[in-house]
Amino acid sequence: MLQFLLRRVSLVIPTFFGVTLLTFALIRLIPGDPIELLAGERSLTPERHAEMKARLGLDKPMLVQYGIYIVDVFQGDLGKSIVTREPVLSEFSTLFPATIELSICALILALAVGLPAGILAAVRRGSVFDHSVMGLSLTGYSMPIFWWGLLLILLFSVDLGWTPVSGRISALFWIEPVTGFMLIDTLLADEPGAFTSAVRHLILPSIVLGTIPLAVIARMTRSSMLEVLGEDYVRTARAKGVSPLQVVAVHALRNALIPVITVIGLQVGVLLSGAILTETIFAWPGIGKWLIESIARRDYPSVQGGVLLVATVVITVNLIVDLLYGFINPRIRHAR
Amino acid sequence: MKPMLRGLALGAAVTFALAAPVAAKTLVYCSEGSPEGFNPSLYTSGTTFDATSRQIYNRLVEFERGTTKIVPALAESWEVSDDGLVYTFHLRKGVKFHTTKGFTPTRDFNADDVLYSFNRQLQKDHPYYNVSGGAYEYFNGMDMPNLLKSVTKTDDYTVLFTLNVPEAPMISNLGMDFASILSAEYADRMLTAGNTEKVDLDPVGTGPFQLVAYQKDAFIRYQAHPDYWAGKAAIDKLVFAITPDPAVRYAKLKAGECQVMTYPNPADLDAMAKDPDITLLRQEGLNVGYLAFNTEKKPFDDKRVRQAINYAIDKQAIIDAIYLGAGKAAKNPIPPTIWSYNDDVKDYPYDPEKAKALLAEAGLAGGFETDIWAMPVQRPYNPNARRMAEMMQADLAKVGIKVKIVTFEWGEYLKRSKAGEHEMILLGWTGDNGDPDNFLYVLLGCAAATGTNRARWCYKPFDDLLVQAKQSSDVAKRTALYKKAQLIFKEEAPWFTIAHSVVFKPVRKEVVDFLIDPFGGMMFYGVDLKE
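Residues numbered from 1 in each chain as written. Chains lettered and ligands numbered in written order. Predicted model: local features only at pLDDT ≥ 70, side-chain atom pairs only at ≥ 80, totals over all residues. Heavy atoms only, no water.

Novice: Mind laying out the overall build of chain B, listing which residues take part and the relevant values?
Specialist: Counting secondary structure elements, chain B contains 18 helices and 20 strands. For the C-alpha atoms alone, the extent of chain B along its principal axes is close to 80 × 70 × 40 Å. Every one of the 531 residues in chain B was classed for burial, and the buried ones make up 60%. A total of about 19800 Å² of accessible surface is found on chain B, and carbon and sulfur atoms cover 53% of it. Between the averaged position of the 60 positive side-chain charges in chain B and that of its 66 negative side-chain charges there is a distance of 4 Å. (Helix = DSSP H or I, 4+ residues; strand = E, 2+ residues; numbered from the N terminus. Buried < 20%, exposed > 50% of the residue type's maximum accessible area, 1.4 Å probe, protein only. Areas by Shrake-Rupley, 256 points an atom, 1.4 Å probe, with all protein chains shown as cover. Lys, Arg positive; Asp, Glu negative; His and termini not counted. Charge placed at Lys NZ, Arg CZ, Asp CG, Glu CD.)

Below is the structure:
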C-alpha cells in the first residue's frame with residue numbers, strides 16, 4: 001500500500017512543475033501589457049511606464065522572473081495581484097469557498113439523480129425510461145451552459161418568481177463571512193431566513209453546473225452496470241434465487257461503481273471549468289469569474305497563482321480517487 | 001424528500017413574512033464588476049469610481065449632480081490670482097469623517113487632509129507615495145506633476161495650490177475622482193501602526209455613504225453617513241450587487257432584486273422602454289468615437305486626402321447600423337454637452353464623387369492601399385469597431401482606396417498605436433472633467449502628438465489657440481478660442497469624427513430623483529425610494 005501511495009505521489013511533483021511553467025509561459029506568450037491595460041486610452045508617459053514595469057519586476061529577463069516566481073512559490077508566496085495589489089493567496093481563499101460550495105451542491109445533485117437514473121436505465125434496458133434517460137443525458141451533455149443558465153433564470157426567476165435571479169444571498173441579509181461557506185455562515189449568523197435565502201440562491205446554479213456531470217454519470221453508470229449485469233456471477237446469483245433488488249444493489253453495483261468513481265473524479269475538473277461560466281451568469285463570487293477577469297487584465301500573478309491552486313485541487317482529488325479505488329479493489333493496488 | 005420540501009417552503013414563507021417589515025430604506029444597485037480598490041487616486045476605471053469617490057469621498061469642488069458644472073464641496077469658495085498661478089481655497093468647517101470599525105476620528109476635516117491627499121501623489125519622498133503600488137495614473141495623466149508646484153496651507157482652513165504655468169482647466173481637474181480627499185489623521189495612525197495599505201482597503205472619507213463591508217465579486221455594502229455635511233442621505237442602506245452579465249442584471253431589475261442597473265444590452269433597450277415597472281433614462285454621453293489619420297505618414301500628410309475620406313464614408317449608415325439608435329453623428333471632436341461646442345461647424349456630407357475629385361487633385365486618381373485599425377473590445381463610444389471598419393472598408397473601396405483591417409489585443413493595440421504604427425485607427429475618448437481642453441488638447445494638441453494624439457497631428461495655428469485658452473480663466477474668451485479651433489479642426493480634418501454615443505440607465509419606477517451623470521458615474525446621494 002505504502003509503495004503504491006509513494007508511486008502515485010511522486011508522479012505529482014513533475015505535474016506541478018509542468019503547471020507552473022505552462023501558465024507562466026502561456027500568459028506571457030499571449031500579447032498584452034498589464035500596465036498599458038490599466039491606463040487604457042489615457043496612457044502613461046514612457047518614463048512612468050518603465051518605472052511601473054520595474055516596480056512589478058517585469059523588466060527582468062523571463063528566466064529570472066520564473067526563477068524568482070518558483071522560489072517564492074516554494075515559500076508559500078504567490079505574489080500580489082497587479083490590479084488590486086492584494087496577495088493572490090488571500091483573494092483566492094476568499095473566493096474559493098463559494099466555488100467549492102457550488103461545486104459540491106452540483107456534484108450531489110448529479111450523483112443523486114445520475115446514479116439512480118443510470119442504474120434504472122440499465123436494469124430496464126430498452127424501455128421507454130432507458131431511452132428517455134439516454135436522450136436527455138445526451139441533450140444535457142451538449143447543452144451550452146450560458147444559454148441553459150439564462151433560460152432557467154428567465155423561466156423560474158423572472159416569469160414564475162420561484163427562485164432568485166443571481167448572487168449567493170438576498171441583498172437584504174448582511175452576513176459576515178466566517179468560513180466563506182454561505183450555508184454554514186448563515187446558520188452561524190443566526191439571522192432568520194438567511195439560510196433559506198442561501199439555499200434558494202443555490203438551486204439554479206447547482207442545476208446548471210450539475211447538468212454535464214449528471215449526464216456523464218448517468219451514461220457511465222448505465223454502461224458499466226450493463227456490462228456487470230451480463231457477467232457470469234450475476235447469472236449465478238440470480239440462479240441461486242437472490243432477489244432481483246439484491247442482485248443489483250449488492251452484487252452488481254459494487255463492481256459497476258469502479259469506473260463510475262473514476263469518472264466522478266474527473267468531473268471535478270469539469271466542475272471547476274464549468275464554474276467559470278456558471279459563476280459569470282449567476283454573479284457567483286467564486287474563482288472562475290476571478291480567473292477570467294485576471295486573464296483579460298493580464299494580471300500575471302493572479303493567473304499563475306490561481307491556475308496553480310486550481311491544478312493542485314484537481315490533482316489532489318484525482319490522487320484521492322486513485323487511492324480510493326485502490327482501496328475498493330485490491331487488484332488495482334497490487335498491479336505491478 | 002417531501003417533508004424536507006415542505007420545510008423549505010415553510011422557511012421561505014417565514015422569510016417573506018420577516019422581510020416585509022424592514023424599516024431601513026435599502027437601495028440595491030446592480031453594478032457591472034468589482035472595484036479594483038477603495039482609493040480612487042490609484043485607479044482609472046469607472047467601476048472603481050462608482051464604488052469609491054462617488055459615494056465615500058468628497059472633493060474640494062464637485063460637479064453638480066447631473067451636470068458638468070463645478071460647485072463648491074469641501075471648499076466653500078476659492079480665488080485665482082491674476083497671473084493664474086495661485087489658487088486659494090477656503091475650506092468648509094465642521095465636516096466629519098466616517099467612524100468605521102478600524103478608525104474613530106478625533107477631529108473635523110481640515111487643511112492637513114487636503115495636503116495629505118495631494119502630496120501623497122505629488123511628492124516622491126512622501127511616506128505614502130509608494131503605498132499600494134501607487135501609480136496614480138490619473139494624476140499623471142492630467143499632467144499634475146508638471147502643473148503643480150506645491151500644495152500648502154496658510155491656516156487650518158486655507159489651502160494654496162501653486163502652479164508652474166497657468167492652467168485654466170485646473171478647477172475642473174480638482175473635481176475629478178483622483179482629487180478625492182482622504183483622512184490625514186487615519187493615514188498617520190496607520191503609518192505609526194505600520195499598516196499603511198489599510199488606508200486604501202478600508203476607506204475613511206467624508207462622503208454621503210460609508211463602507212460597511214465588501215465581498216469581492218458579490219456585494220459592496222454601505223450605510224448613510226449620519227453626520228454628512230450636506231445632510232444625511234434619504235436612503236439608509238446602499239448595496240451594490242455585483243452582476244457581470246447585462247442580461248442577468250436586467251432579469252434582476254425585472255424581478256425587483258435591484259432598483260437601479262448599469263450598462264444595459266443595446267438589444268434589450270426596446271423592451272425596457274416598454275416595461276411599465278422601469279424608467280429608461282438616457283443622456284448623450286460625454287464621449288466621441290473617431291477615425292484618426294496618421295498625419296505623419298503618406299498620403300495622410302495631405303489635407304485633401306483626409307478630406308476625401310471624410311467625404312467618402314457614409315456616416316449616417318454607420319450610426320444606424322452600429323449604434324442602433326444609441327448614437328448621435330459627431331461633427332466636432334467635443335460632444336454637444338460641453339460648453340464651447342461649435343454648432344456652426346458644417347460636417348462633410350457623404351459625397352463619393354467629391355472624394356474622387358479630391359483624390360485626383362492630390363495625385364491619387366488611381367487610389368491607394370492603406371489600413372484601418374479596429375479595436376478588439378467594445379467601448380462606450382464604439383459598440384463594434386470591427387463591423388464599423390468593414391463598413392468603412394466598403395465605402396472607401398468605392399472611391400478606389402483599398403483598405404486592410406488590422407486588429408490587436410487591446411493592450412497591444414493601445415501600445416502600438418501610441419507608437420504610431422497605424423495609418424488609420426478607430427478609437428475614442430470619454431471626458432474626465434467636462435472641460436473642452438480635456439478633449440482638444442489631450443487628443444489633438446502638439447504635446448500629445450507622441451501619445452494620446454493618435455493622428456500625431458501638430459498644427460501650429462490650432463495648437464496656439466489651445467495654449468492661449470489654457471492660460472486664460474475668462475470663460476467667454478476661452479469659448480471664442482475653442483470655437484475657432486473647432487473650425488480649423490474641421491477644415492484640416494485630422495479625424496473623421498464618427499459619433500457621440502448615448503448612455504442609458506434603467507431604474508425601477510419606485511426610484512425617485514435618480515439623475516444620470518454626464519460622466520457616466522452612479523451617484524446615490526439625493527436618490528430616494530417611494531414606498
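Novice: For the state of the cysteines, give the residues involved together with the corresponding values.
Specialist: Residue and element names in this part refer to chain B. Taken as a whole and assessed by the stated rule, the structure comprises two disulfides over all chains. Paired through a disulfide, C30 and C258 show a sulfur-sulfur distance of 2.3 Å. Measuring the twist about the S-S bond at about -100 degrees, one finds the C30-C258 disulfide to be left-handed. A residue pair is termed long-range when its members are at least 10 positions apart, and C30 in strand β1 (residues 26-31) and C258 in the loop between α9 (246-254) and β11 (260-261) qualify at 228 residues. The pair formed by C30 and C258 is uniform in burial state, with each residue classed as buried. Bridging C446 to C458, the disulfide has an S-S length of 2.0 Å. Across the S-S bond of C446 and C458 the torsion is about 95 degrees, and the bridge reads as right-handed. Here C446 is found in the loop between α16 (437-444) and α17 (460-470), whereas its partner C458 is found in the loop between α16 and α17, with 12 residues between them in sequence. Exposure remark for C458: the relative accessible area of 47% places this residue in the partly exposed category. What connects to what in chain B, once the bonded cysteines are numbered by sequence position, is 1-2, 3-4. (Disulfide = S-S within 2.5 Å.)

Novice: Please give an account of the pattern of salt bridges that cites residues and values.
Specialist: Any two side chains of opposite charge can pair if their charged atoms end up close together. Residue and element names in this part refer to chain B. Counting across every chain of the model gives 47 salt bridges over all chains. Between E491 and K303 there is a salt bridge, with its nearest N and O atoms 3.0 Å apart. Residue E491 is found in helix α18 (residues 475-492), and its partner K303 is found in helix α11 (residues 303-312); the two are separated by 188 residues along the sequence. Among the residues examined, E491 registers a relative accessible area of 39% and is labelled partly exposed. The class for K303 is partly exposed, based on a relative accessible area of 28%. Taken together, the salt bridges that share partners define one network made up of K303, R306, E491 and E492. (Salt bridge = Lys/Arg side-chain N within 4 Å of Asp/Glu carboxyl O.)

Novice: Account for the interface of chain A and chain B, naming residues and giving values.
Specialist: Across the contact, 55 residues belong to chain A and 62 residues belong to chain B. In total, about 5000 Å² of surface goes out of reach between chain A and chain B, with carbon and sulfur atoms giving 58% of it. The three residues of chain A that bury the most area against chain B are A:E41, A:R42 and A:W174, which together make up 18% of that side's buried surface. Here A:E51 makes a salt bridge to B:K124, at a shortest N to O gap of 3.8 Å. Here chain A and chain B share seven residue pairs in polar contact (both at pLDDT 80 or more) between them. Elements with a minimum of two residues in the side of chain A that touches chain B: α2 (34-39), α3 (46-55), α5 (88-123), α7 (145-159), α9 (194-229), α11 (244-281) and α12 (287-296) of chain A. Broken down by element, the residue count for the side of chain A that touches chain B peaks at five residues, all from α7(A). (Contact = heavy atoms within 4.5 Å. Buried area = accessible area lost by both parts, 1.4 Å probe. Polar contact = N/O pair within 3.5 Å; in protein donor to acceptor, adjacent residues only side chain to side chain.)

Novice: Run through the sheet that holds strand β6 (residues 148-155) of chain B, naming residues and quoting values.
Specialist: In a beta sheet, neighbouring strands pair by backbone hydrogen bonds and run either parallel or antiparallel. All names here are of chain B. Pairing within the open sheet is antiparallel, and its four strands lie in the order β4-β5-β7-β6. Edge strands, defined here as strands with exactly one partner in the open sheet, are β4 (75-80) and β6. Taking the axes of each pair of neighbouring strands and ignoring which way they run, one obtains an average angle of 20 degrees across the sheet. Helix α3 (residues 111-122) contacts β5 (86-91), β6 and β7 (158-163) of the sheet and is inclined by roughly 165 degrees relative to β6. (Pairing = 2+ DSSP bridges. Axes fitted to C-alpha atoms, helices over the stretch in contact; angles between N-to-C directions.)

Novice: Can you tell me about α17(B), naming the residues and giving the values?
Specialist: Residue and element names in this part refer to chain B. Of the residues making up α17, those classed as buried are F462, D463, L465, L466, A469 and K470. All buried residues of α17 fall inside an arc of 155 degrees around its axis, so they share one side. Residues of α17 that are buried in the fold lie against α16 and α18. (Arc of directions from axis to C-beta.)

Novice: Quick one: what's the story with the nonpolar core, residue by residue and with numbers?
Specialist: In this structure, B:F161, B:L426 and B:F524 are the most contacted members of the largest nonpolar core, which totals 149 residues. In this structure, A:A171, A:I175, A:A194 and B:C30 belong to the second largest nonpolar core, which totals 24 residues. (Core = buried A, V, L, I, M, F, W, Y, C linked by side-chain atoms within 4.5 Å.)

Novice: Which residues make up the environment of B:G367, and what are the values?
Specialist: With respect to the helices and strands, B:G367 occurs in the loop between α13 (352-361) and β15 (368-373). Once the C-alpha coordinates of B:G367 and B:I401 are considered, the two residues, 34 residues apart in sequence, prove to be 5.0 Å apart.

Novice: Before we move on, can you summarise the side chain of A:Q304 with the specific residues and values?
Specialist: All names here are of chain A. Along the chain, Q304 turns up in helix α13 (residues 300-328). A polar contact is formed between the side chain of Q304 and the side chain of R28, at a distance of 2.5 Å. Dropping the residues within four chain positions of it, Q304 is found in contact with T23, F24, I27, R28 and Y69.

Novice: Residue-level account of the pairing of β15(B), with values.
Specialist: Residues and elements named next belong to chain B. In terms of burial, β15 is largely enclosed, as five of its six residues are buried. Inspection of the sheet shows β15 paired to strand β16 (residues 401-406) by six bridges, in the parallel sense. Bridge pairing in β16 places W373 opposite V406. Note that the unit made of β15, helix α14 (residues 385-397) and β16 has a crossover that is right-handed. Pairing of β15 with strand β17 (residues 424-430) involves two bridges; the strand directions are parallel. Bridging across to β17, W373 finds its partner in I425. (Right-handed = clockwise from strand over helix to strand, strands pointing away.)

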